[in-house]
Amino acid sequence: MKRFIGFIKKEFYHIFRDKRSLFILFGMPIAQILLFGFAITNEINNVDIAILDHSNDVETQKIINKIKSSPYFNIENQIQSEREIESEFKKGKVKAVLIFEPDFSKNLVTKKVAVIQAVTDATEPNVANTIANYSAAVIQNYQMQQKQAYTSEVKVDVQSRMFYNPELKSVFNFVPGVMTVILMLVSAMMTSISITREKELGTMEILLVSPLKPFQVIVGKVFPYIFLSIINAIVILLLGYFVFKMPINGSLFLLMFESILFIISALSLGILISTISDSQQTAMMLSLMGLMLPVIILSGFIFPINSMPLPMQVISNIIPAKWFIIIVKAIMLKGVGIDYIWKETLVLIGMTVFFIALSIKKYKIRLE
């Protein structure tokens, strides 16, 4: 019995000595419960909207003030004409525009009904539908509070209009998201496992002392995954276009350029993971937990980023998938050019350069 107890103690000592095992046992559950608890929500908060007030009277100002006091919406700006709506949506910050009809207060008195149109960016169908429902609820709440001001029953009619995806097809949201997840999976995880396998088997040292230079070895290892990832991207786009009828309104050349840029960014992230992994198991664990969960949860693929706590929103900015999903939706659904997505493109380029530079630095340290 003493030997058995001693054996159990030894196993505890081994676990507590291994920092990676402790991280998996205690760090991962904490990280996951925080991610799932704070990030997974279908509610909306602080959504940026614009106002187009054709009437600009006392009643419309009261409703605008009511919207301002709501935690759900943040009035980004006030536009002057309907021609500006699509331009605001293409910029990507404003998610909805509330349009007040001319003679709003007058229509409430004479016709007993006035109309507000809620125009939403439906590239994210669930978010667009939620915004329309929340705006209608806020205005209905205002109407209930103002009933005593009118001698007879009046109504504020909220009409919904969806841009880019009027039928609210969820596939328009899932095709860019699935494309991002697959490219990250093939590029980052497979690259990190492939390079780590060479290190684990002891063949990486042989390759590094061969006539090939170290950077040629790394490029040679990742090049097949660039090719395979490009094929995956093309297959996904073809399926989305021909099977699910998802439009490609923008430049196909720009879309492929951005896809290749994201693939290279994911590959560089995979190389970075391989520098800190000594086994394939570690590389797979880091890829799955460190990449796949954040890609799905913090990229805006499924859950709206604006509704997350501020720390989560800040963390989401360092995830390449977030910027790639914005770019793909903007090109495919909104038909924008590089003049609207140059900031996101520069972020992807900056992340790629940073990952590559950090990987090179770590490889030099390991070689020394």
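Residues numbered from 1 in each chain as written. Predicted model: local features only at pLDDT ≥ 70, side-chain atom pairs only at ≥ 80, totals over all residues. Heavy atoms only, no water.

**Comments concerning the overall build of the chain**
Across its full length, the chain carries 14 helices and five strands. Scored against the burial criterion, the 368 residues of the chain give a buried share of 46%. Long-range contacts, defined here as pairs at least 24 residues apart, represent 77% of the contacts in the chain between residues at least 6 apart. For the chain, the exposed surface amounts to about 19,400 Å²; the carbon and sulfur share of it is 64%. (Helix = DSSP H or I, 4+ residues; strand = E, 2+ residues; numbered from the N terminus. Buried < 20%, exposed > 50% of the residue type's maximum accessible area, 1.4 Å probe, protein only. Contact = heavy atoms within 4.5 Å. Areas by Shrake-Rupley, 256 points an atom, 1.4 Å probe, with all protein chains shown as cover.)

**Observations regarding the packing of helix α7 (residues 171–201) against helix α11 (residues 280–298)**
Where α7 contacts α11, the axes come no closer than 9 Å and their chain directions differ by 165°. With respect to their mutual orientation, α7 and α11 come out roughly antiparallel. The element α7 and its partner α11 pack so that their crossing is right-handed. Of α11, the residues touching α7 (which contributes Thr-180, Val-181, Met-184, Leu-185, Ala-188, Met-189, Ser-192, Ile-193, Thr-196, Arg-197 and Glu-200) are Gln-280, Ala-283, Met-284, Ser-287, Leu-288, Leu-291, Met-292, Val-295 and Ile-296. For the contact of α7 with α11, the per-class residue count stands at 13 nonpolar, five polar and two charged. (Axes fitted to C-alpha atoms, helices over the stretch in contact; angles between N-to-C directions. Parallel < 35°, antiparallel > 145°, perpendicular 65-115°, else oblique. Left-handed = near helix turned anticlockwise from the far one by under 90°. Nonpolar A, V, L, I, M, F, W, Y, C, P; charged D, E, K, R; others polar.)

**Regarding the nonpolar core**
Formed by 67 residues in total, the largest nonpolar core has its most connected members in Ile-85, Phe-89, Val-97 and Met-184. Broken down by element, this core gets its largest block of residues, twelve residues, from helix α10 (residues 252–275). Judged by nonpolar contacts, the second largest core, of 24 residues, contains Val-47, Ile-64, Ala-114 and Val-154. (Core = buried A, V, L, I, M, F, W, Y, C linked by side-chain atoms within 4.5 Å.)

**Concerning the packing of aromatic side chains**
Aromatic ring pairs are described here by two measures, namely the spacing of the ring centres and the angle between the planes. By the definition in use, this model includes nine aromatic pairs. Their ring planes at 65° and their centres at 6.4 Å tell us that Phe-89 and Tyr-164 sit as a pair that is edge-to-face. With Phe-89 in helix α4 (residues 83–91) and Tyr-164 in the loop between β5 (155–163) and α7, this pair connects stretches of sequence that are 75 residues apart. Both residues of the pair, Phe-89 and Tyr-164, belong to the buried class. Where Phe-100 meets Phe-104, the ring centres are 5.7 Å apart and the plane angle is 70°; that geometry is what we call edge-to-face. A connected cluster of aromatic rings, assembled from ring pairs, spans Phe-89, Phe-163 and Tyr-164. Positioned above the aromatic ring of Trp-323 is the side chain of Lys-322, whose terminal nitrogen or guanidinium carbon lies 4.6 Å from the ring centre. (Phe/Tyr/Trp six-rings, centres within 6.5 Å; stacked < 30°, edge-to-face > 60°. Lys NZ or Arg CZ within 6 Å of the ring centre and 35° of its normal.)

**Remarks on the sheet that holds strand β1 (residues 47–53)**
A sheet is described by the order of its strands in space; here five strands give the open sequence β2-β1-β3-β4-β5, paired in mixed fashion. Strands at the two margins of the open sheet, each flanked by one partner only, are β2 (73–78) and β5. Here the average twist between neighbouring strands, direction ignored, is 30°. Summarising the sheet, strand β3 (residues 96–100) and strand β4 (residues 113–121) pair through five bridges and their orientation is antiparallel. In the strand pairing of β4, Phe-100 is matched with Ile-116. (Pairing = 2+ DSSP bridges.)

**Things to note about the pattern of salt bridges**
Under the definition given, this model contains five salt bridges. Where Asp-48 meets Lys-93, a salt bridge forms, and the shortest distance between an N and an O atom there is 3.2 Å. With Asp-48 in strand β1 and Lys-93 in the loop between α4 and β3, this residue pair connects regions lying 45 residues apart in the sequence. Among the residues examined, Asp-48 registers a relative accessible area of 9% and is labelled buried. In this structure, Lys-95 and Glu-124 form a salt bridge, with 3.6 Å as the shortest nitrogen-oxygen distance. Taken as a pair, Lys-95 in the loop between α4 and β3 and Glu-124 in the loop between β4 and α6 (125–145) lie far apart in primary sequence, 29 residues in all. Grouping residues by exposure puts Lys-95 and Glu-124 together as buried. (Salt bridge = Lys/Arg side-chain N within 4 Å of Asp/Glu carboxyl O.)

**Topic: the environment of Leu-267**
For Leu-267, the location among the structural elements is in helix α10. Between the C-alpha atoms of Leu-267 and Phe-223, which are 44 residues apart in sequence, the distance is 9.3 Å. Discounting residues that sit within four places of it in the chain, Leu-267 has contacts with Ser-187, Thr-191, Val-222, Tyr-225 and Ile-226.

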